[in-house]
Amino acid sequence: MKTLAGKIAVVAGATRGAGRAIAVALGEAGATVYCTGRSVKGKPSDLNRRETIDETAEMVTAAGGVGIAIQVDHTVESQVQELFKRIGEEQQGRLDILVNDIWGGDQLIDWKKPFWEHSLDKGLLVQDRAVRSHMYNSYYAAPLMVERGSGLIIEVTDGTGYNYRGNLYYSLAKVSAIHLAAAMAADLQATGVTALCVTPGFLRSEEMLEHFKVTEANWQDAVHGGIPDAEHFGESETPYLLARGVAKLAADPNVSENAGKTLASWDLSETYGYTDVDGRSPHWGRYAKKLGIFQGE
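Criteria and cut-off values
- Residues numbered from 1 in each chain as written.
- Predicted model: local features only at pLDDT ≥ 70, side-chain atom pairs only at ≥ 80, totals over all residues.
- Heavy atoms only, no water.
- 1 Å grid on protein atoms, 1.4 Å probe; cavity = no way out; pocket = protein on both sides within 12 Å on 5 of 7 lines; lining within 4 Å.
- Points joined across faces, edges and corners; volume = space filled by probe spheres on them.
- Helix = DSSP H or I, 4+ residues; strand = E, 2+ residues; numbered from the N terminus.
- Nonpolar A, V, L, I, M, F, W, Y, C, P; charged D, E, K, R; others polar.
- Pairing = 2+ DSSP bridges.
- Axes fitted to C-alpha atoms, helices over the stretch in contact; angles between N-to-C directions.
- Contact = heavy atoms within 4.5 Å.
- Parallel < 35°, antiparallel > 145°, perpendicular 65-115°, else oblique.
- Left-handed = near helix turned anticlockwise from the far one by under 90°.
- Expected span 1.5 Å × (residues − 1).
- Buried < 20%, exposed > 50% of the residue type's maximum accessible area, 1.4 Å probe, protein only.
- Arc of directions from axis to C-beta.
- Salt bridge = Lys/Arg side-chain N within 4 Å of Asp/Glu carboxyl O.
- Lys, Arg positive; Asp, Glu negative; His and termini not counted.
- Polar contact = N/O pair within 3.5 Å; in protein donor to acceptor, adjacent residues only side chain to side chain.
- Patch = residues over 30% accessible without salt bridge, like charges linked within 9 Å, V, L, I, M, F, W, Y side chains within 5 Å.
- Areas by Shrake-Rupley, 256 points an atom, 1.4 Å probe, with all protein chains shown as cover.

**A closer look at the layout of surface pockets**
Taken as a whole, the second largest pocket encloses approximately 320 Å³ of empty space. Lining the second largest pocket, in full, are M1, T3, A25, E28, A29, R244, A247, K248, A251, D252, Y272 and Y274. Of all the secondary-structure elements, those providing two or more residues to the lining of the second largest pocket are helix 1 (17-28) and helix 8 (239-251). Here the lining of the second largest pocket is built from residues that sort into seven nonpolar, one polar and four charged.

**Comments concerning the sheet that holds strand 3 (residues 66-71)**
Reading across the sheet, the seven strands line up as 3-2-1-4-5-6-7 and stay open at both edges, with parallel pairing between neighbours. A single partner strand is all that each edge strand has here, and the edge strands are strand 3 and strand 7 (262-264). The sheet shows a mean angle of 20° between the axes of neighbouring strands, taken without regard to direction. Across four bridges, the pairing between strand 1 (residues 8-12) and strand 4 (residues 97-100) is parallel. Within strand 4, the position partnered with V11 by the bridge is V99. Across the sheet, helix 2 (residues 53-63) lies against strand 2 (32-37) and strand 3, angled at about 170° from strand 3, the strand it touches most.

**Regarding the packing of helix 1 against helix 2**
It is the contact of helix 1 with helix 2, at a shortest axis distance of 7 Å, that shows an interaxial angle of 25°. As summarised for this structure, helix 1 and helix 2 are arranged roughly parallel, according to the angle between their axes. Every pair of crossing elements has a handedness; the one defined by helix 1 and helix 2 is right-handed. Contacts between helix 1 and helix 2 involve R20, A23, V24, G27 and E28 from the first element and E55, T56, M59, V60 and A63 from the second. Its residues assigned to classes, the contact of helix 1 with helix 2 shows five nonpolar, two polar and three charged.

**Concerning helix 3 (residues 77-90)**
If you check helix 3, its first and last C-alpha atoms are 20 Å apart, about what 14 residues at 1.5 Å a residue would give, namely 20 Å. Within the span of helix 3, buried status applies to V80, L83, F84, I87 and G88. One face of helix 3 carries all of its buried residues, which in axial projection span an arc of 130°. Buried-residue contacts for helix 3 involve strand 1, strand 2, strand 3, strand 4 and helix 4 (120-148).

**Focus on the pairing of strand 1**
Most of strand 1 sits out of view: five of its five residues are buried. Going residue by residue along strand 1, you find I8, V10 and A12 tucked away on one face and A9 and V11 tucked away on the opposite face as well. In this sheet, strand 2 lies alongside strand 1 in parallel orientation, the contact comprising five bridges. Following the sheet pairing, I8 is matched in strand 2 by T32.

**Quick notes on the pattern of salt bridges**
This model, assessed by the stated rule, comprises 11 salt bridges. For D110, the salt bridge identified is with K113, shortest N-O distance 4.0 Å. Judged by its relative accessible area of 39%, K113 falls in the partly exposed class. Salt-bridge contacts for D278 lead to R280; the nearest nitrogen and oxygen are separated by 3.8 Å. By relative accessible area, which is 33% here, D278 ends up partly exposed. For R280, a relative accessible area of 22% gives the class partly exposed. One network of salt bridges, in which partners are shared, links R204, E216, D278 and R280.

**A few points about the side chain of D276**
Its place among the elements puts D276 in the loop between helix 9 (265-272) and helix 10 (284-291). R204 is the oppositely charged side chain nearest to the buried, salt-bridge-free D276, at an N-O distance of 4.9 Å. There is a polar contact of 2.5 Å between the side chain of D276 and the side chain of T238.

**Brief notes about a nonpolar patch on the surface**
On the surface, F115, W116, Y164, L168 and L172 cluster together into a nonpolar patch covering about 580 Å² of accessible area. Tracing the chain through its elements places F115 in the loop between strand 4 and helix 4.

Structure, rendered in structure tokens:
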């Protein structure tokens, strides 16, 4: 069903992982999706990955939407300002959905070092990529939405609470996304625009599959093959468990009831009655609580 036909969306950080899946899910629901990020064909970002926003835009169109790839470094304010100026001009001032999924911090985090021994430059770069960029996006997107009296801003994070996540710089970035959503929701009251936050569980992303040396087709081999650190991988989810939830939220006429909240993929799947693309219904929250490793609110 084209529940988002005619809607205009921006997925910032649509190159891979949850961002790519969210863009595709929005496209499947009929939206026009601006897929933004740094990696384009022939010019990858410093992460040096093969995925590109061009591929994501093609996947959006193939799914039934309209995919538009625009190269943007979201840590550069002028580029972000130009992005939303262009969208305003091309879409006659319309912007319905903004998804802030910029991350780019995996290669910057040293999990073995306390904050005072960690590279400060890398720690601060994580904040630039995962916090400052989100603030730029929302700052320039919000006026388009407020002017029309409707819209949805979604922060993507890791986890539902304010607990420590094993590294100060990682924790600061992920908790910041939660508070950004809550604070924006407070400021956006009475404007018709909703801000909220979402999180996946154990995400079976492209990088995670590569880490365990498996593919989506045989990922369970990592669980049963005695691979180190794969003990919880059996409870993982594809990026589409969260992505389908985002599409459901974007089409929900009562989405404003979730303003300021942080919603987990497993809860969204139960609320809206859908499964992951492989037919499974993973519930990382329940699993992690059973093991005593979940510290959400």
